[in-house]
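An overview of the molecular structure
This is what each chain is made of:
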Amino acid sequence: MISPNDIKVQALKWWKPFLQSHLKGEYFFPRNIDRIGKIKSSVVRENLSELQSQLEDLYKNSKEKTGFGYIVNKEDVHFRRTGSHSLPQSISFESSEDYIAFIGKKKEWNSFLRSCNLIQNEIPQLNEWMLNNPLTVIDNDGKWAGVINVCKYFLANPRPDLYIRQLPIDLHTKFIEQNEAVIISLLDFLIPNAVRDSSEKCIGKRYQLKYDEPTVRISILDSQLLIGGLSDIRIPLSEFERLEINADNIVITENKMNFLALPELPSTIAIWSGGGFLISYLRNTRWLCERKIFYWGDLDTYGFLILHQMRTYFAQTKSVMMDKETFELFKEEGVVTGKRIKSEVLSSLDKNEAEMFEFLRTNNLRLEQEKIRQEFADAFFQQLLS
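Residues numbered from 1 in each chain as written. Predicted model: local features only at pLDDT ≥ 70, side-chain atom pairs only at ≥ 80, totals over all residues. Heavy atoms only, no water.

Here glutamate 254 shows up in the loop between strand E6 (249-253) and helix H15 (256-260). Not counting residues within four places of it along the chain, the set of residues in contact with glutamate 254 comprises Trp272, Gly275, Gly276, Tyr295, Trp296, Gly297, Asp298, Gly303, Ile306 and Gln369. (Helix = DSSP H or I, 4+ residues; strand = E, 2+ residues; numbered from the N terminus. Contact = heavy atoms within 4.5 Å.)

Written as structure tokens, this is what we have:
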């Protein structure tokens, strides 16, 4: 038979739909729990004292005894051997007041009413959002005045192109950062066309705001291409994406020191976005599609994983010094690595690269690009790009 605790578990499942019914202007109560566990005659015969204890617990926690909560609906049930007994048949809640008092959420209910009233008065188009997120409304009690101010600003200025600290909102900068999750949820609903990158969780990156973005370092290897007389510059990623350098060739290295030590090469620049898998920063740089790209990574499994990643952005990328011949020349510098990665199919690798990847993976070998002699690398690039 159902217990007061079982009733509360079921009642709590109604909390979200109850809040939603209020927003839709629909009545949620009265409401019954009909499946309370049928009492069989064998229980009355064999476990009467235990049954009486359960019934006493059920009744003493009911509205009849406490003044609020559930009502036990009883009926006379006749058993052939033990006669008639008045037994529970269902549990019901007559009103929202009874329900809220029983589950102990009066504070949350008042918070919900207060917050909904504020939101509806200030930004009525959020009614649908509230219907889908009633628990979030409660979770952010006390913050809604500030959150609404942020939303109003973005409604009027969906593409502000400012840092968060520069936004002319009467709130401290930390407020937006501390309430990022709910603000993002609201702005996605209110200004979906202003979302810059829906995969980003940072508000600055997700919307049309300035942020402390990654930088790309550029080494100009042809003196005819210097920018303002500079050969080594670092610029924000967004500026790099707009940059046009009249170079035919792009060299990308996995290691910074190899990047810095590249020789002078005609019509060539080198770029470094942080090394390793941070080449992902380059994926939206459309002008790179029109250049010859050469990638030089470590002769290990991760070097080929990065090469594969680069080709998913720029299919024309060619590998340099990542072949069996280079490995054989410097194999005395190779080492056995630690954990071996699982076999992977890297569809962008050509036949020779795929064989080299599998050789390195199977034997758990690694030859770092720094172990390749500088004079060899210089001669290689000068022959390649002369």
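Glancing now at the packing of aromatic side chains. Counting across every chain of the model gives 28 aromatic pairs. A ring pair is formed by phenylalanine 18 and tyrosine 99, whose centres lie 5.3 Å apart and whose planes are at 70°; its orientation type is edge-to-face. Pair noted here: phenylalanine 18 is in helix H2 (residues 15-24) and tyrosine 99 is in helix H6 (residues 96-103), with a separation of 81 residues, a long-range link. One exposure class covers both phenylalanine 18 and tyrosine 99, and it is buried. (Phe/Tyr/Trp six-rings, centres within 6.5 Å; stacked < 30°, edge-to-face > 60°. Buried < 20%, exposed > 50% of the residue type's maximum accessible area, 1.4 Å probe, protein only.)

With that out of the way, let us pick up the pairing of strand E7 (residues 268-272). Extensive coverage of E7 is indicated by the burial of 5 of its 5 residues. Burial of E7 is two-sided: the residues Thr268, Ala270 and Trp272 facing one way and the residues Ile269 and Ile271 facing the other way are all buried. Relative to E7, strand E4 (residues 215-220) runs antiparallel, the two being bridged by 4 bridges. Bridging from a neighbouring strand, isoleucine 218 pairs with isoleucine 271 of E7. (Pairing = 2+ DSSP bridges.)

Closest axis-to-axis distance for the helix H7 (residues 106-122)/helix H10 (residues 144-156) pair is 11 Å, and the angle between their directions is 20°. Taken together, the axes of H7 and H10 are roughly parallel relative to one another. Classified by chirality, the crossing of H10 by H7 is right-handed. Taking contact as the criterion, the partners of Ser115, Leu118, Ile119 and Glu122 in H7 are, on H10, Trp144, Ala145, Ile148 and Lys152. Looking at side-chain class alone, the contact of H7 with H10 contains 5 nonpolar, 1 polar and 2 charged residues. (Axes fitted to C-alpha atoms, helices over the stretch in contact; angles between N-to-C directions. Parallel < 35°, antiparallel > 145°, perpendicular 65-115°, else oblique. Left-handed = near helix turned anticlockwise from the far one by under 90°. Nonpolar A, V, L, I, M, F, W, Y, C, P; charged D, E, K, R; others polar.)

Let us now look at the pattern of salt bridges. Under the criterion given, the structure shown has 19 salt bridges. Among the salt bridges present, the one from glutamate 177 reaches lysine 174, with a minimum N-O distance of 3.7 Å. Here glutamate 177 pairs with lysine 174, and both are found in helix H11 (residues 173-178), just 3 residues apart, close to one helical turn. Judged by relative accessible area, glutamate 177 falls into the partly exposed class, the value being 37%. With a shortest N-O distance of 3.4 Å, arginine 366 and aspartate 298 are connected by a salt bridge. Taken together, the residues span a long stretch of sequence, with arginine 366 in strand E11 (residues 365-366) and aspartate 298 in the loop between strand E8 (292-296) and helix H16 (301-313) at a distance of 68 residues. Judged by its relative accessible area of 28%, arginine 366 is partly exposed. In the salt-bridge network here, residues are joined through shared partners; they are Asp298, Asp300, Arg366, Glu368 and Lys371. (Salt bridge = Lys/Arg side-chain N within 4 Å of Asp/Glu carboxyl O.)

For helix H18 (residues 351-363), built from 13 residues, the straight-helix expectation of 18 Å at 1.5 Å per residue is met to within 8% by its first-to-last C-alpha distance of 18 Å. All of the buried residues in H18 are Glu353, Met356, Phe357, Leu360 and Arg361. Across the axial projection of H18, the buried residues extend over an arc of 130°, all falling on one side. The exposed residues of H18 that point more than 90 degrees off its buried face are Lys351 and Asn352. A side-chain oxygen of the first residue of H18 lies 3.2 Å from the backbone nitrogen of asparagine 352; this N-cap is aspartate 350. A positive backbone phi angle near 55° is found at asparagine 364, which sits one or two residues after H18. (Expected span 1.5 Å × (residues − 1). Arc of directions from axis to C-beta. Polar contact = N/O pair within 3.5 Å; in protein donor to acceptor, adjacent residues only side chain to side chain.)

By the element assignment, aspartate 222 lies in the loop between E4 and strand E5 (232-236). It turns out aspartate 222 is buried and unbridged, and the closest side chain with the opposite charge, arginine 291, is 12 Å from it. There is a polar contact of 2.7 Å between the side chain of aspartate 222 and the backbone nitrogen of serine 267. Dropping the residues within four chain positions of it, aspartate 222 is found in contact with Leu265, Pro266, Ser267 and Thr268. (Lys, Arg positive; Asp, Glu negative; His and termini not counted.)

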